[in-house]
Amino acid sequence: MSAQLATVGPSAYWYLTRSTGAVALLLLTLTIVLGVVDVKRWSSPRWPRFVIDSLHRNVSLLALVFLVAHILTSVLDSFASISIVDALVPFVGSYRPFWLGLGAVAFDLILAVLITSLLRARMGFATWRAVHWLTYASWPIAVVHGLGTGSDTSATWLLALSIICMAAVLAAAITRVITGWSENVALRGAALGGAGAFSLFIVLWLPSGPLGSEWARRSGTPTALLPHAHATGKSSGQRK
Amino acid sequence: MNHRARVNPIACEAHGMCAELLPERITLDEWGYPIIDGAPLENRQVEHAIRAARACPTFALLVERDRAPAPARARRGERRS
Amino acid sequence: MNTLYPMPAEPLTPTAYQRALGLPRLLAGIRAHGALSLEDHVAIHGPLPASGGRGRRRARERASMLVEQIERSGLLGHGGAAFPTATKMRAVAGARGRAIVVVNAAEGEPASRKDRTLLETLPHLVLDGGILAAEAVGADEVIVCACESADIGIESVTRAIEERAAAGSERSPSLHVATVPANYVAGQESALVSYLNGGLAKPTFTPPMPFEQGVRRRPTLINNAETVAHVALIARHGASWFRQLGPPSQPGSMLVTLSGPLAHPGVYEIEHGSSLSSLIQAAGGTTTRVRGALVGGYAGAWVDGDLLSGVALSNEHLVAHGASLGAGVVLLLSEHACPAAETGRLARWLASQSTRQCGPCVHGLDALAMTVQEIAGGIAQAGAGQRIERLASLTARRGACGHPDGAVKLILSALETFEAEFADHAQHGPCDSCARPPEMPMPHRAVSQDASRGARR
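The structure displayed is predicted, hence computed values, not measured ones.

Rules and cut-offs
Note that residues are indexed from 1 along each chain, following the sequence as it is written. A letter from A marks each chain and a number from 1 marks each ligand, given out in the order of writing. Restriction of local features to residues with pLDDT of at least 70 applies here, the model being predicted, together with a cutoff of 80 or more for giving and counting side-chain atom pairs; totals for whole chains, interfaces and linings are based on all residues. Calculation of side-chain values draws on the structure's entire complement of heavy atoms; hydrogens and water are dropped beforehand. For helices the rule is a DSSP run of H or I covering at least 4 residues; for strands it is a run of E covering at least 2, with both sets numbered from the N terminus onward. Whether a residue is buried, partly exposed or exposed follows from its accessible area with a 1.4 Å probe, protein chains only, as a fraction of its type maximum: under 20%, in between, or over 50%, in that order. Residue contacts are counted whenever heavy atoms from the two residues lie within 4.5 Å of one another. Shrake-Rupley sampling with a 1.4 Å probe provides the accessible areas, and residues are treated as covered by the protein chains on show and by no other component. Our radius of gyration is a C-alpha quantity, and the globule rule it is checked against amounts to 2.2 Å times the number of residues to the power 0.38. In summary, the charge assignment counts Lys and Arg as positive and Asp and Glu as negative, without counting His or the chain termini. Taken as the charge centre is NZ of Lys, CZ of Arg, CG of Asp or CD of Glu, depending on the residue. Two strands make a pair as long as DSSP finds a minimum of two bridges between them. Axis definition: a line fitted to C-alpha atoms, over the contacting stretch in the case of helices. Angles run 0 to 180 degrees between N-to-C directions. Only centres within 6.5 Å qualify two rings of Phe, Tyr or Trp (six-membered ring in Trp) as a pair; their planes then separate them into stacked at under 30 degrees, edge-to-face at over 60, and tilted for everything else. Look at NZ for Lys and CZ for Arg. If either is within 6 Å of the ring centre and within 35 degrees of the ring normal, a charge sits over the ring. Orientation labels follow simple angle bins: below 35 degrees gives roughly parallel, above 145 gives roughly antiparallel, 65 to 115 gives roughly perpendicular, and whatever is left gives oblique. Crossing chirality is assigned from the near helix's rotation relative to the far helix, an anticlockwise turn below a right angle marking it left-handed and a clockwise turn marking it right-handed. Buried area adds together the accessible area that both of two parts lose upon being put together, with accessible area traced by a 1.4 Å probe. One side-chain nitrogen of Lys or Arg within 4 Å of one carboxyl oxygen of Asp or Glu is enough to make a salt bridge. Whenever two N or O atoms come within 3.5 Å, that pair is a polar contact, provided that in protein one can donate a hydrogen and the other can accept it, and provided that, for residues adjacent in sequence, both atoms are side-chain atoms. For every residue, the predictor states its confidence as a pLDDT score lying anywhere from 0 to 100.

Chemist: So what's going on with the overall build of chain B? Residues and values would help.
Modeler: Helix and strand content of chain B: two helices and five strands. Its helices and strands taken in sequence order, chain B reads β-α-β-β-α-β-β from the N to the C terminus. Within the span of chain B, comprising 81 residues, buried residues form 52% of the whole. A separation of at least 24 residues holds for 54% of the contacts in chain B among residues at least 6 apart in sequence. Put simply, chain B shows about 4,000 Å² of open surface, and 48% of that area lies on carbon and sulfur atoms.

Chemist: Residues and numbers for the overall build of chain C, please.
Modeler: Per the secondary structure count, chain C includes 17 helices and nine strands. Over its C-alpha atoms chain C spans a radius of gyration of 22 Å, differing by no more than 12% from the 23 Å that the globule rule assigns to 457 residues. Overall, chain C is about 70 × 55 × 35 Å in size when its C-alpha atoms are taken along their principal axes. Burial analysis of chain C (457 residues in total) assigns 56% to the buried set. Within chain C, contacts between residues separated by at least 24 positions form 73% of all contacts whose residues are at least 6 apart in sequence. As displayed, chain C offers around 18,500 Å² of accessible surface, 53% of which is attributable to carbon and sulfur atoms. Where the 41 positive side-chain charges of chain C centre and where its 41 negative ones centre are 9 Å apart.

Chemist: Lay out the sheet that holds strand S9 (residues 329–334) of chain C with the relevant residues and their values.
Modeler: Residues and elements named next belong to chain C. Pairing within the open sheet is mixed, and its five strands lie in the order S6-S5-S9-S7-S8. Whereas interior strands pair on both sides, the edge strands pair on one side only; in this sheet they are strand S6 (266–271) and strand S8 (301–304). Each strand axis lies, on average, 30° off the axis of its neighbour in the sheet, ignoring direction. Relative to S9, strand S7 (residues 290–295) runs antiparallel, the two sharing five bridges. The residue bridging Val290 from the neighbouring strand is Ser334, located in S9.

Chemist: So, the packing of aromatic side chains: which residues are in play, and what are the values?
Modeler: Residue and element names in this part refer to chain A. Applying the stated criterion to the full structure yields eleven aromatic pairs over all chains. Note on Trp14 and Tyr15: the rings are 5.4 Å apart at their centroids and 65° apart in plane angle, and the pair reads as edge-to-face. Here the aromatic residues Phe91, Phe98, Trp99, Phe201 and Trp205 are joined through ring pairs into a cluster of three or more. Positioned over the ring face of Trp128 is Arg120, at 4.1 Å from the centre of the ring.

Chemist: Residues and numbers for the packing of helix H5 (residues 97–118) of chain A against helix H6 (residues 125–132) of chain A, please.
Modeler: All names here are of chain A. Between H5 and H6, the shortest axis-to-axis distance is 9 Å and the interhelical angle comes to 155°. One element, H5, and the other, H6, form an angle in the roughly antiparallel class. In this structure, H5 meets H6 at a crossing whose hand is left-handed. Contacts between H5 and H6 involve Ala112, Val113, Thr116 and Ser117 from the former and Trp128, Val131 and His132 from the latter.

Chemist: Which residues make up the interface of chain B and chain C, and what values go with them?
Modeler: Listed as interface residues are 21 residues of chain B and, on the opposing side, 26 residues of chain C. Between chain B and chain C, roughly 1,800 Å² of surface is buried when both sides are summed, and carbon and sulfur atoms account for 55% of that area. Among the residues of chain B in contact with chain C, Ile10, Trp31 and Tyr33 of chain B are the three that bury the most area, contributing 40% of the side total. Where chain B meets chain C, there are three salt bridges. Between Glu30 of chain B and Arg387 of chain C there is a salt bridge whose closest N-O contact spans 3.7 Å. One can count four residue pairs in polar contact (both at pLDDT 80 or more) joining chain B with chain C.

Chemist: Kindly report on the pattern of salt bridges, identifying the contributing residues and their values.
Modeler: Opposite charge on two side chains allows them to pair when their charged atoms are near. Evaluation of the coordinates by the stated rule reveals 25 salt bridges over all chains. Among the ionic pairs, Arg291 of chain C bridges to Glu421 of chain C, the shortest N-O distance being 2.6 Å. Residue Arg291 of chain C is located in strand S7, and its partner Glu421 of chain C is located in helix H17 (residues 419–428); the two are separated by 130 residues in the primary sequence. Each member of the pair, Arg291 of chain C as well as Glu421 of chain C, carries the same accessibility label: buried. A cluster of three or more residues bridged by salt bridges with shared partners is formed by Glu30 of chain B together with Arg387 and Arg390 of chain C.

Chemist: Give me the confidence of the model for chain B: which residues, what numbers.
Modeler: Residue and element names in this part refer to chain B. Mean pLDDT over chain B works out to 85, with 81% of the residues at or above the 70 mark. Within chain B, no element has a lower average pLDDT than strand S5 (residues 74–75), which sits at 48, and none a higher one than strand S3 (residues 34–36), at 96. Contacts of residues 75–81 to residues separated by more than four positions or lying in other chains number 16 contacts, the stretch itself having pLDDT below 50.

Chemist: Explain the sheet that holds strand S3 (residues 174–180) of chain C to me, and be specific about the residues and the numbers.
Modeler: Residues and elements named next belong to chain C. Pairing is parallel in the open sheet, where four strands are placed in the order S3-S2-S1-S4. The two strands at the open ends of the sheet, each matched to only one other strand, are S3 and strand S4 (220–224). Taking each pair of neighbouring strands and ignoring which way they run, the sheet shows an average axis angle of 25°. Strand direction decides the pairing type here: strand S1 (residues 100–105) and S4, joined by five bridges, are parallel. Looking across to S4, one finds that Asn104 is bridged to Asn224. Relative to S1, helix H6 (residues 123–137) is tilted by about 150°, and along the sheet it contacts S1, strand S2 (141–147), S3 and S4. Contacts between helix H9 (residues 225–237) and the sheet are confined to S1 and S4, with S4 contributing the most and set at about 90° to the helix.

Chemist: Before we move on, could you go through the environment of Leu331 of chain C and cite the residues and values that matter?
Modeler: All names here are of chain C. As for its placement among the helices and strands, Leu331 is situated in strand S9. Using a relative accessible area of 1% as the deciding quantity, one classes Leu331 as buried. Taking the C-alpha atoms as reference, Leu331 lies 29 Å from Leu127; in sequence the two are 204 residues apart. Sequence-distant contacts of Leu331, defined by excluding residues within four places in its chain, comprise Ala111, Ser259, Gly292, Ala293, Leu294, Tyr298, Trp302, Met440 and Pro441.

Chemist: Let's hear about the pairing of S4 of chain C: which residues, and what values?
Modeler: For S4 of chain C, the tally of buried residues reaches five of five residues, placing the bulk of the element in the interior. Both faces of S4 of chain C are covered, namely the face carrying Thr220, Ile222 and Asn224 of chain C and the face carrying Leu221 and Asn223 of chain C.

Chemist: Quick one: what's the story with the environment of Ala323 of chain C, residue by residue and with numbers?
Modeler: All names here are of chain C. Structurally, Ala323 can be placed in the loop between helix H12 (315–318) and S9. For Ala323 and Leu294, which are 29 residues apart along the polypeptide, the C-alpha to C-alpha distance reads 8.9 Å. Filtering out sequence-adjacent residues up to four positions away, Ala323 remains in contact with Val295, Ala301 and Leu318.

Chemist: Which residues make up the side chain of His70 of chain A, and what are the values?
Modeler: All names here are of chain A. Its place among the elements puts His70 in helix H3 (residues 49–76). Judged by relative accessible area, His70 falls into the buried class, the value being 19%. Engagement of the side chain of His70 in a polar contact is seen with the backbone oxygen of Thr17, the distance being 2.7 Å. Ignoring any residue separated from it by four or fewer positions in sequence, one finds His70 in contact with Thr17, Thr20, Gly21 and His145.

Structure (structure tokens):
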């Protein structure tokens, strides 16, 4: 079945899942940046505190909308059989299980943050805040998911977008760590170390990983879906 | 039945959104903490006070109803039905 | 142990003056060292009044009779707030759930030693009172809270509890001792409840009040150690007996911790409303001239030395001086001390005792201390007086507990009473007496800087 469909060309769903994923990444990046601006209590006459705070909350909800669209379109896209379960339970899928699974992990973390935020009136502040820290874990996982699962990571626009988002979050995270937590030096050191480690990982992994040769095969794309599986010459070279 | 705005000084971390959303009744001191008098809110202010209470990141702002004889219970930004 | 204000060397035998008035009551039979044994305690005061037999109905009848008796006696709390004890008991008895009693002898007030004295020398009186209070509110447990530095008192109460168990007195409420950290605010009611619930000894936001939901979420009756000691005697001798001493607005006797340049500073039992001069006389008189008297402890107010002869020790009279008895603390400041320097140091100490949970308290007390010290050091900027006034209004009544209010009251009172010295220091800088060692006690380390939320910018 998949061999025949592969000759038809990428479906609309495939384009949609790419684009909604990219927009979701952008919105999540914006959420984090706004979150740091919020907690640093920056404001101006045209940008009062309550506006920054509302923006932070609303952008995160918008990100959720695009995330859900991203998941639904990837499920509906029949090229790689991704089920709805794969979106929530990590590493059980057949298509690039590890890199896709990271997306599920990130989504689970984001769900936890969003649900606790929607229900924050019913839980203690300390609990809500503790869960909220998970955003700093979910974001890098989402980025690596995007770079590893995406079939066009080498596309310039996507690469540029990813790098810009990473730079923004890195700047936001460093600002957050340097100007906060004055009591706990160890924690600040660990946070900065984590940010540095992630950056280093990206720098080392990108060239040899997603941007390297035969990433599709190495990342766990089912053999039947790989381009060279069709020796008949029918064009299916859109997927790498 | 009166509504009053009150701040939980322990929870308050001087984010300052309450003063932006209810400037008629809440001002900030020189350290950024809210000053609220204890007088009842005017009817048209109650809605804004509840919105301000919902906006507070630490739920420090409370909008309470006077309820004789038991002491008022605070609900975070919500009206009692 | 605070050795600045030791107990008098000889036993506190009542003077002829006191005996004529039916004193001592609480301090009857007290020894300078060592606790009164159970036997001696019963010999002096008689046995603990019967609990009224078994059965819940009888217990409730007895409880309401006891509360009525306390109400008729007009007993007010001796922890500082002077709240009617019967009202508190009714509130706890009427709340949902099984009550628990906390006897508060934490005594974080540095210049107070009365609660410590009660624990060390009269533990059975305190335990009697705790048991009766428990019966009055239907509690099954009494926790006596002492400061962790009060080793002697803790040991004394623990031994007294063992003594009772050995004597086979199977009175229903179980008795426990708990120690709390040595901080100024640790004895505050919600801080105490928070600590006993396993948290930090820091005040919490109320509601819910301790009488509704306190220790282990149960309605909690928190009474000062001296208050329950009075309960123990009222239950034996009746409300009319209690009212034989003192004015109608504040009947009975009280314990005062008198300290400063005196022949015999220490803990005294006096009738409410008696004159400060007679108390000073009973303490053997002053050893130097007195510049002022701090009444009510570090949340109290100063009375000028020249006015002391007209001071009567009841809240009714003290209102005229802008003061109140508080926890029964009277601290005399000698003429050799520099009031400006002492006040500056005290303001700084009070700021350090903030639990740092509320922004206005943290910032306000810090700014007040700095301004007072600047004035005392002669380096204050112009408008320091107005700044103090503004800081006072920004700081008082904006915290979760009464600590900032008390500190502001004390500072304003000092600036008013010692206006001359402060004016002199503002113009000419520190005086010779500024460098003298402090006369006012300032123990306790600063409240621990743990990762508490709030007051973080």
